[in-house]
Structures are given as C-alpha cells and as structure tokens.
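So the chains spell out like this:
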Amino acid sequence: MLRQHPVALAALATLLAPDPGLTQTTAAQPQRVEVTGTLIKRADRETVSAVVAVSRDDIKTSGYTSIEELLRSTGLVDFSSVSDGAASGAVSGISTISLRGFGSQGTLTLVNGRRIAPVAAVDVTFGRATLFNVNAIPRAAVDRVEILKDGASALYGSDAMAGVVNYVLRKNFSGVQTEASNGANDRGVGAQHRGSVAFGFGDIDTQRFNVFGALEIARRDPVMFSDIKDRGDQAGHDRIRALNDTFHRFYPDSAVSFWANYYRVPTSLTGSTTLDGISVANNDLSGANYLGTLPGCPDELTVGKGVPTRPQGLGSSAASLRNGACRFNLDNADETIARQERVSGLLHAGFALAPELQLYADLMVWRVKTSEQGNPVALTPNLVTQAGAEFAAIWANRDGTLRNQRAFILPVGHPDNPTRQPIQLMYRFEDLYGFKDTTIDTTRVAIGLEGRIGAWDIDSAFLHSRSQGREVDQARMRSFLLTSSITPGNPNYGVYRFGGNNDEAAKASVSGRPVIEGDSTLTSVDLRASRELWKMGGGNAALALGTEWRRELLASTPDAVLLSGDYVFGGGNSASGSRNSRAAFAELSLPVWKSLELQAALRGEKYSDFGNATTGKLGFKWSPIKSVVAVRGTVATGFRAPSIPQIRESYVASFHSTTDRRSFDLLRCDLARNRTIGSPNINPNNTRDCNVLAFGSAPAPERSTALATAISANPELKPERSQSATLGLLLSPTSSVDVALDFWYFHRKDEIRVQQGLDIMDEASLSPTRTHPQVIRDPNQVNWLRDGNGVIIPNSGPILMLIRGYDNYEWTRTAGMDYDLNWRFPDIRFGRFRFNVNGTFTERFDRKLTAGADVEHLVGTQTTGIPVTRARFTLHWSGGAWRAWIRHNHADPMMSTVCSAFNAATAALVEANGRCRVAAERTVDIGGSWVGVKGLALSASLLNVANDYNRSFSWPAAFNFWDKGREVALGRRFQLTASYGF
C-alpha cells in the first residue's frame, strides 16, 4: 500500500530520521492544543481557518433540548439538516447536520477528529445517501463542538466540502456529575425527559491513568397534530380553507373510515344528480352512488349526529355530506413529532506510557428507538365503473415494473356486503394501525496512541464503527392476501371483517410485518505525525504527515415479502456494497514573520470503486497589530465520493411529491379549466392529471397523493468536486470588544442528485404526445383518451409512476458572510453584562441542474429554506450565584410559491395579509441559573416567550413550513435542569 503513496514514504523516512536540532522543546513553551482544521498542535487557537467552538457551558445554558437543536439555531447550519422528530425519506429517528445548504452529504461529522459509520439505510431525499446520526452522542460526554467553516477535504477527505462538525469528548475527568432535565410546551405537550451521569477517576498527569465514563437516558413523548391545534392562528388558517371549499382544520375531514361508506359500481360516473337543491356530480363521494355505511360508526363521527351535513368551510356549491355517513379525523391519528427513546454511553481509558505519551481506548455505544405513528392505511381511489379498472394503490417493484391493488369491491354474498349488488368500499384499516418502529444501534471503538516521541507529535488509531438498523411496520396489508380475502373460493375469504372486531388471526389473514435490516461498518487505521522544523521569523515551521486506510461496508436488506413487492404501497429499500480507500496527506505551517503565517495542505486518495481524488488547501493569517487586527483566508478544493447506495447495488421504491409548484400532464389536463380532458369512456375525475406530483397547495379539486417512483444506483457516477474560498477579519479594538467577520464562497459541481419528478415532467411537457421512458402510464386501454373521431390515442392513460435515478448534475454556488460580536461591559454593583451578536448573511445560493437549464436564484426562498439573514442577539448577566440571559432570534422573510396555487379570492386574502411568503422570525427566549450550593446547579429556560408563529407560509399555524418533526412546532416551551457534581 505504501509504495503507491510517496507522501506516506516521506512521512516514514522523516519519522526515522534523527532530529536535526533546529528546534528545542522546553518547559517554557506555551501548551499546544489540537484544533479542528489543522493536524499540527499549536498554542494559538485562531488558525488560518474559521472555527466556531461551542463549549460545554454554551450547551448547558442554551436552553435547547439537544446539541443538534442548538447548532440548527445558528445561521451556518441550515434547515436541510435532518431532524429526528419525523421520518426523512427512507430513514426515521436520526439527526444530521448540514452546513451552507450542502446537505449532510457535504458536511463531514467527526467524533474526536475521526469518522463514525453512516446510517445503514438508503435515503434519497435531496440526493442524500450518506447520513451520520448524531442525536445520541451522550451530552454528558461532550466537552465542546467545533465547526470548521471552510472546505477541508485536503485534511479529512471525502464529504468535508462545506466544512466539518467535530464532537470533542471529555478527557481526564475525575469525580461524579449527575444531571436531569424535563421540558415541554406551556400546555405540557411534547414532554422530553433526560438523565445522565458522568464519572471519572485517576489523573493522567499524576497517577498515569484516567478512566472516564458517561451514561445518558432520554425519552420524548409523541405529539399529535390535534395536540397543538391551539398553536398559531387557526382562525386565519381556516379562512383560507373556507375560500378553497375545504373544511376547517380538525374536523373529521375524511370520507374514508373503519366503518366504511359504500357505493354502487355503475356503468358510468358521468353526469350529475340534484341532491338537497345542489347539483352533485355522480363521481362525488356525497353523490347519487352513495348507498350507505357499515354499522358501528360512533355518533361523534356520524354525519347528522356529531358531524353536521354542512361543516364549517364547506362551499355553497359543494354537496352536503350524506346523513349516516362515517367520517375520520386525520389530525387525531397523525403526529408531528414521533416518540423516541435513547440510551447512550461512553467509556474512555487512558494510560501514560511516558510523561508525554498516552495509550487510550474509547468505547461508545448508543441505541435510538423511534416509534412513528401515521394515519391508518386507507384504500381511497376515486369511484369506479363496472368497465373501469381504477387502482386503489400503485407501487414499484425492484425491477422497475408496477404492482397495483385494484379498487376495493365486495362481491355479492360477502358477509360485509349488505346489498344484492357489488359495492365499493371507502375503507380505512384502523385496526392495522400505522406504527413503525425503527431501532438504530451504533458502536464505536477507537484504540490509539497519542503524545510525543522525540520531536514528533504522534496521533495514531485503529477505529471500528458499526451502525445496525431494524425497521418494523407493526401491521401492513399484503396485496395477495387482501385480494383473496374478497374473492370467493379462497381459504381466507371473509375471515377479515370490514368494520368488525377482528382478532389477531383475522388481521394476519390480510397483513404482515415488513422488516428491513441494515448494517453499516467503517474500519480504519491511520497514522498522523507532526513536528517543528527550522526556525523562521515568526517561530518554527511545522510539518504534519499522515496516511490512512479505510474499509466501508453497507447493507440494507428487506424481508422476502418486501422483496417480492407484495406489501400494498410497496416501499422499502435495499443496498449492498463495500469499498476500500487509501490516503496520504501532508500539511505545512510556515510562520514567515511574527505577523504572517502560511499554511498548505495536500491529500491524495484512491478508492476501489470510482478512482482517485486529489485535494489541496492554502491559507494565511496576517496580524499587522498583534491582538488587535488579524486577517485570515483560505482557498481549497474538495470532493465527495459517491456513497455505496448511489454507486453500488441498491434500489428504493418510494413515493414522490413536490413543494415547488404544480406539474401538469399536458396530454390529459385542460390547462384553461384545470380539469381532466375526459371522454365518456374514462373516469373524468382523475386528480393526478392536473397535479401529477401532489403539490400540496393546489386547489382542492386537483389535490392528489404522492406518485410512485423507482430509483436505483448508477455505477457510472463521478465524485462531486468543490472549490471554496474564505476571507476573515478579526478585530479587538478594546480589551472588551471582539469582532469576527468571515466571508465565504463555495462552488460544488458534478452534484449527485436523484432526478426530480419536476425535471422529468418538464421534459415530457416539451412533447406531450411522445412516449417518455421515464413516465409510466396506465396500460389499460379503457382509461386511454380518444380523439375527435372516437379513435383511441395510444399510451394516453393516466401517469402511474416515474422512473428516477442518480446522476451528476451541474452546480451549486453560495456566498455570504458570518459575523460575530462580543462586547463585555465593565463590572457594576449589579453584576457583569456581556452582549453577543452572531449570524450569517447569505448573499446568494444559486443552482443550475442541467446544462440547458436556467440558473435558479434560491436564497431567500422557501425552496431552500435559506434566508438572506439569520442572526441571534443575546444579552448575558451574571452576579454572585445567579446567571441570566435573554435572546432574540431573527430570520429574514422568504419568498413562497403558495399564492400561485390559490384561487383568486384566496390569493387576494393571503396577499393582503402579507402571507404570500414565509414571514420573518422574531422569537425571544429567556433563561437563568443558580449555583448557590457547591456542586449544585439549577437552571430554567423559556423559549419563544410570545408563542410566536410568524415563521409560516400562508397563515401562521403549527403545521406550516418546516415545523413538522421539529420542536418549534410546540410554540412556547420550557426546560428545567438540575445537576450535581462532587
């Protein structure tokens, strides 16, 4: 291996060479420390690169429930970071960090300067496929978090294009520290409980050993949408829904329930019938084809009893609900934050082999179990005709072909058919409740040697990290069993009773428990060594050399039934692959003068599956007035290797929608009327035709569910490449004021993305009549269009699925400035005050996906969720045993496309109230602590004091914009913490 890396050979030769005596290490020299962004220990923490250090004290006094939430509150961490409160793509229960809008795949996450294994799953959201879960690193074990804000692939390799987040753990701790915290919103909703203990004994300096351990247990209660219906401005939101002929929120708003409404299966659905003085289309669920409802519906869900026939918000031209029909309340069964339990622990042991040489071993383990609850599965196609073959569900097989479940029709004689004709059920499998349990077990073992051997600072380690995942749906319908249960002559015919009291055997006759198991491992051996060289005008030059070998394996394996595609709605993911990589790297620090330091770094890597990568970095720091003015800057290249699921064997069966805009099937949708171009032979109410990708803000008649897609790996992918540049100014005009300004620019090209459905539909719209291989239409000729002469138009059925894949796209460019001001006021009799302002100004975030596409200017838009400015203003006070702080959080408004989807009356109302954009954030937080007894600390915080919901689009409400899955959905919330140490 070393023969292929000249830098590694040079490192070994220099290690074995005698000390040239150009430098002397004496006791008088200042203590040197490790800083993220350089491999050379140094006395000055201000390197050529901008590094933000979030201290242990910052974490404790922030008032946030987790380190990740604290990091996400800063301007440089963006909202494409995954929150563990709700599923993201194919993964549940994980939390990631994203810098500069580059996603978690462009941000390298480290623990003590070394990697962790990625989550063992295939996630396709935004093209991510490398997800590093950080939500269970025990908070009690963290000493600080360092965020390197420029490209660092030359030092750390793949993924470090936008920066590095390094969790630095505590060492050489002696004593016992316990902590407990509890938080919720002001109504007690969304409770989070956490307890931890940290212990240590021995002293590495005096006793030559230290053992440190930490254990943390946390639990989070689930939050249903109905739990937070008091948040935001519900009345204003309902005014919008009313103008769209939509029920007020939190009404029983679905016609699909466990006690099913049933309908005749006619020869045609065209035409209308006058009911209660209103002309009602025959394809309406409240139209003439409604026959009745299965017995057992509770009064509170029955139309004419607990549910009025004309609910609030129902338009004057809309059909009244049918008396006796049964409704379902989606908000009572769907959650915005999932239940989660976390257990994590760390054990660190260090032994001094010599005064400056230490052998250490780290063992970190954690388990995260997340239980997601969604609405019970419903089979809800439009009403069908006897000649039609409408699909209740469509999903993709592993080979890219389609599976489907036909509309749910009970034959004559079925025990749940009370009529003498076939009936179609609008049925919700409420007794097969929608729980999904995801358990992620992670182990990380590091054994290393660090310290000083002669003139060299040595840091070498063996690392093995493993992440194992298990995802289990508690009950999910199987297509074969479901079909046979309503087909006479089959053994399970009539065993499952619709709307009945089914035992476990009856439920098992139509369902199963799909399981996906994942396993991801990362094993590495590295050697890093640095030393001082010759004397220069500002000190001694220093050199760092290193080499690394790494092996990665990832597998995600569905059970046999999932692989067969028999579960209704399909889904699931699979991947299998491994890779080896080798790297050699070097860093050189040149203190040319006392006021000028130069830095250079170079790294070469060889991957077994795609080839080589070489990256470099140059930097400088100039201090014309020591301790008063400093200028620093870097230029760097970076790369990201295609992840194993992207380049090796993998497959994802998923569903796809968009939040950007509506997409029209120009073959079938009448743009002038936004309706399906129908004929007497087809169902004229196909909502998919005028909203293919389920744009959620589309008017009610054109709403649809997410579209089935199939995604597979691309072995021809190239690695992503990047260039970055930073320029910083550090000012300390007085002993009480510090200012940091850091300008940055990042350019990522050859971006690896999953092809978006909008791109496919835009291309298809250029020639609607031509067959497009990525657009899969209904092959049933009954649903094809006819021309003016009644002749069938080939392949003109509704769109059923899109075939998507990974590819290298053009580029993203972003630029802006970070700023940080600290002002320490003179002490007064009332105590000490300190004021801090920090934030990020993003001047641009531009993207070009394909060579012929227009450049998208996305900063300050809902598409990226990146505002022009995000900032925090914090005033701290301390006096005696007391400390307090008040914080104002600001984010600029962002443009939204929501108004473009409304009807004229709704758009006028929303625009008049300034709600055609995501409004500015303006929340205020307060907190304080008391340390009046030795070892004891009590603290409390109240976030979003004013219970502000301004940060929403359309109208302030708990379920708008990015709130789903995040703690901000709770509104005003508190946290109480007590800690005791001895």
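Given the structure is predicted, the values throughout are model-derived calculations rather than measurements.

Q: An account of the overall build of the protein chain is needed here, citing residue identities and associated values.
A: Per the secondary structure count, the protein chain includes 11 helices and 48 strands. Taken over C-alpha atoms, the radius of gyration comes to 31 Å for the protein chain, in line with the 30 Å a tight globule of 982 residues would show. Taken along the three principal axes of its C-alpha coordinates, the protein chain extends 100 × 65 × 50 Å. Across the 982 residues in the protein chain, those meeting the buried criterion constitute 58%. Once local pairs closer than 6 in sequence are excluded, the contacts in the protein chain between residues at least 24 apart make up 72%. If you sum the accessible surface of the protein chain, you get close to 38,800 Å²; carbon and sulfur atoms cover 57% of it.

Q: So, the nonpolar core: which residues are in play, and what are the values?
A: By size, the foremost hydrophobic cluster in this structure holds 38 residues, and its most contacted members are Leu71, Ile137, Val145 and Tyr167. Of all the elements in the fold, those that place two or more residues in this core are helix H3 (67-72), strand S4 (142-148), strand S5 (164-169), strand S8 (209-220), strand S16 (357-374) and strand S37 (737-754). Not counting residues up to four positions away in its chain, the partners in contact with Val145 are Val52, Ala53, Val54, Ile59, Ile67, Leu71, Val165, Asn166 and Tyr167. The next biggest cluster of nonpolar side chains, apart from the first, holds 27 residues, and it includes Phe408, Leu482, Tyr496 and Val510.

Q: An account of the pattern of salt bridges is needed here, citing residue identities and associated values.
A: Taken as a whole and judged by the stated rule, the model has 53 salt bridges. Notably, a salt bridge pairs Glu216 with Arg194, separated by 3.5 Å at the nearest N-O pair. Here Glu216 is found in strand S8, whereas its partner Arg194 is found in strand S7 (residues 192-201), with 22 residues between them in sequence. For Glu216, a relative accessible area of 6% puts it in the buried group. According to the relative accessible area criterion, Arg194 is buried, its value standing at 7%.

Q: Account for a nonpolar patch on the surface, with residues named and values stated.
A: Taken together, the side chains of Phe351, Leu353, Leu359, Ile447, Phe462 and Val525 make up a nonpolar region of the molecular surface, amounting to roughly 490 Å² of accessible area. Looking at Val525, the relative accessible area reads 41%, which means it is partly exposed.

Q: Give me the pairing of strand S30 (residues 611-625): which residues, what numbers.
A: With 12 bridges joining them, strand S29 (residues 596-607) and S30 adopt antiparallel strand pairing. The residue bridging Glu605 from the neighbouring strand is Ala613, located in S30. Joining the antiparallel neighbours S29 and S30 is a turn of three residues. Here S30 runs beside strand S31 (residues 629-640); their pairing, made up of seven bridges, is antiparallel. Bridge assignment links Lys617 to a residue of S31, and that residue is Ala636. In this antiparallel pair of consecutive strands, S30 and S31, the connection spans three residues, and Ser627 shows a positive phi of 65°.

Q: I'd love a proper account of unusual backbone geometry, names of residues and values included.
A: Positive phi, normally seen in glycine, also occurs at Ala694, with a value near 55°. For Ala694, the position within the fold is in the loop between strand S34 (675-676) and strand S35 (707-712). In this structure Ala694 comes out as buried when scored by relative accessible area, which is 11%. You will see that Asn947, though not glycine, has its phi angle at about 55°, which is positive. Positionally, Asn947 belongs in the loop between strand S47 (936-943) and strand S48 (973-981).

Q: Any details on the state of the cysteines? Residues and values, ideally.
A: Counted under the stated rule, the structure contains two disulfides. One disulfide in the model links Cys297 with Cys326; its S-S distance is 2.1 Å. Across the S-S bond of Cys297 and Cys326 the torsion is about 75°, and the bridge reads as right-handed. Remark: Cys326 occurs in the loop between strand S13 (290-293) and strand S14 (335-337) and Cys297 occurs in the loop between S13 and S14; sequence separation between them is 29 residues.

Q: Break down the sheet that holds strand S3 (residues 114-115) for me, citing the residues and quoting the values.
A: With mixed pairing, the five strands of this open sheet are ordered in space as S1-S4-S5-S2-S3. Where the open sheet ends on each side, the last strands, each with one partner, are strand S1 (51-55) and S3. Note: S4 against S5, six bridges, orientation antiparallel. Bridge pairing links Arg144 to Val168 in S5.

Q: Just give me the short version of the environment of Phe953, but keep the residues and values in it.
A: With respect to the helices and strands, Phe953 occurs in the loop between S47 and S48. Once the C-alpha coordinates of Phe953 and Arg452 are considered, the two residues, 501 residues apart in sequence, prove to be 57 Å apart.

Q: Give me the lowdown on the packing of aromatic side chains, citing residues and values where you can.
A: In this structure the tally under the stated criterion is 21 aromatic pairs. Here Phe102 and Phe746 contribute two aromatic rings whose centre-to-centre distance is 6.0 Å and whose plane-to-plane angle is 70°, an arrangement assigned as edge-to-face. Taken together, the residues Phe102 in the loop between H3 and strand S2 (108-111) and Phe746 in strand S37 connect sequence positions 644 residues apart. Accessibility classification places Phe102 together with Phe746 in one group, the buried group. Judged by centre distance (6.3 Å) and plane angle (80°), the rings of Tyr427 and Tyr496 are edge-to-face. Of the two residues, Tyr427 sits in strand S21 (residues 423-428) while Tyr496 sits in the loop between helix H6 (479-485) and helix H7 (504-508), which places them 69 residues apart along the sequence. For Tyr496, a relative accessible area of 1% puts it in the buried group. Three or more aromatic residues joined by ring pairs form one cluster here, namely Phe258, Trp259, Phe408, Tyr427, Phe429, Tyr496 and Phe498. One cation-aromatic arrangement involves Arg249 over Phe225; the distance from NZ or CZ to the ring centre is 5.5 Å.

Q: Could you give an account of helix H11 (residues 904-912), with specific residues and numbers?
A: For H11, the set of buried residues is Thr906, Ala907, Leu909 and Val910. An end-on view of H11 places all buried positions within 165° of arc, on one side of the element. Those residues of H11 that are exposed and angled more than 90 degrees off the buried face are Ala904, Glu911 and Ala912. The inward-facing, buried residues of H11 abut helix H5 (234-243).

Q: With reference to specific residues and values, describe empty space enclosed by the protein.
A: Rolled over the atoms, a probe sized like a water molecule indicates the empty space that remains. If you walk through the whole model with that rule in mind, you get 16 cavities of 30 Å³ or more. Every element with two or more residues in the lining of the second largest cavity is listed here: strand S26 (515-536), strand S27 (539-558) and helix H9 (644-647). The leading source of residues in the lining of the second largest cavity is S27, at four residues. A class-by-class count of the residues in the lining of the second largest cavity yields 10 nonpolar, five polar and five charged.

Q: Residues and numbers for the environment of Asp689, please.
A: Tracing the backbone through its elements, the reader meets Asp689 in the loop between S34 and S35. Between the C-alpha atom of Asp689 and that of Phe664, which follows or precedes it by 25 residues, the distance is 6.2 Å. Apart from the residues within four sequence positions on either side, Asp689 is in contact with Phe664, Asp665, Arg668, Cys669, Thr676 and Pro798.

Q: Describe the packing of H5 against H11, and please don't skip the residues or the numbers.
A: Each pair of packed helices can be summarised by the angle the axes make with each other and by the distance between the axes. Following both chains from N to C, one finds H5 and H11 inclined at 160°, their axes separated by 8 Å at the closest point. In terms of their interaxial angle, H5 and H11 are classed as roughly antiparallel. Of the two possible hands of crossing, H5 and H11 adopt the one that is right-handed. Counting all contacts with H5, which are made through Arg239, Ile240 and Leu243, the residues of H11 involved are Ala905, Thr906, Leu909 and Val910. Here the residues of the contact of H5 with H11 sort into five nonpolar, one polar and one charged.

Q: Account for the side chain of Arg327, naming residues and giving values.
A: Residue position: Arg327 is located in the loop between S13 and S14. In terms of polar contacts, Arg327 uses its side chain to reach the backbone carbonyl oxygen of Pro252, at 3.3 Å. Excluding residues that lie within four positions of it along the chain, Arg327 makes contacts with Phe247, Pro252, Asp253, Ser254, Ala255, Ser257, Leu301, Val303, Val307 and Leu321.

Reading the values: rules and limits
- Residues numbered from 1 in each chain as written.
- Predicted model: local features only at pLDDT ≥ 70, side-chain atom pairs only at ≥ 80, totals over all residues.
- Heavy atoms only, no water.
- Helix = DSSP H or I, 4+ residues; strand = E, 2+ residues; numbered from the N terminus.
- Rg over C-alpha atoms; globule rule 2.2 N^0.38 Å.
- Buried < 20%, exposed > 50% of the residue type's maximum accessible area, 1.4 Å probe, protein only.
- Contact = heavy atoms within 4.5 Å.
- Areas by Shrake-Rupley, 256 points an atom, 1.4 Å probe, with all protein chains shown as cover.
- Core = buried A, V, L, I, M, F, W, Y, C linked by side-chain atoms within 4.5 Å.
- Salt bridge = Lys/Arg side-chain N within 4 Å of Asp/Glu carboxyl O.
- Patch = residues over 30% accessible without salt bridge, like charges linked within 9 Å, V, L, I, M, F, W, Y side chains within 5 Å.
- Pairing = 2+ DSSP bridges.
- Disulfide = S-S within 2.5 Å.
- Phe/Tyr/Trp six-rings, centres within 6.5 Å; stacked < 30°, edge-to-face > 60°.
- Lys NZ or Arg CZ within 6 Å of the ring centre and 35° of its normal.
- Arc of directions from axis to C-beta.
- 1 Å grid on protein atoms, 1.4 Å probe; cavity = no way out; pocket = protein on both sides within 12 Å on 5 of 7 lines; lining within 4 Å.
- Points joined across faces, edges and corners; volume = space filled by probe spheres on them.
- Nonpolar A, V, L, I, M, F, W, Y, C, P; charged D, E, K, R; others polar.
- Axes fitted to C-alpha atoms, helices over the stretch in contact; angles between N-to-C directions.
- Parallel < 35°, antiparallel > 145°, perpendicular 65-115°, else oblique.
- Left-handed = near helix turned anticlockwise from the far one by under 90°.
- Polar contact = N/O pair within 3.5 Å; in protein donor to acceptor, adjacent residues only side chain to side chain.

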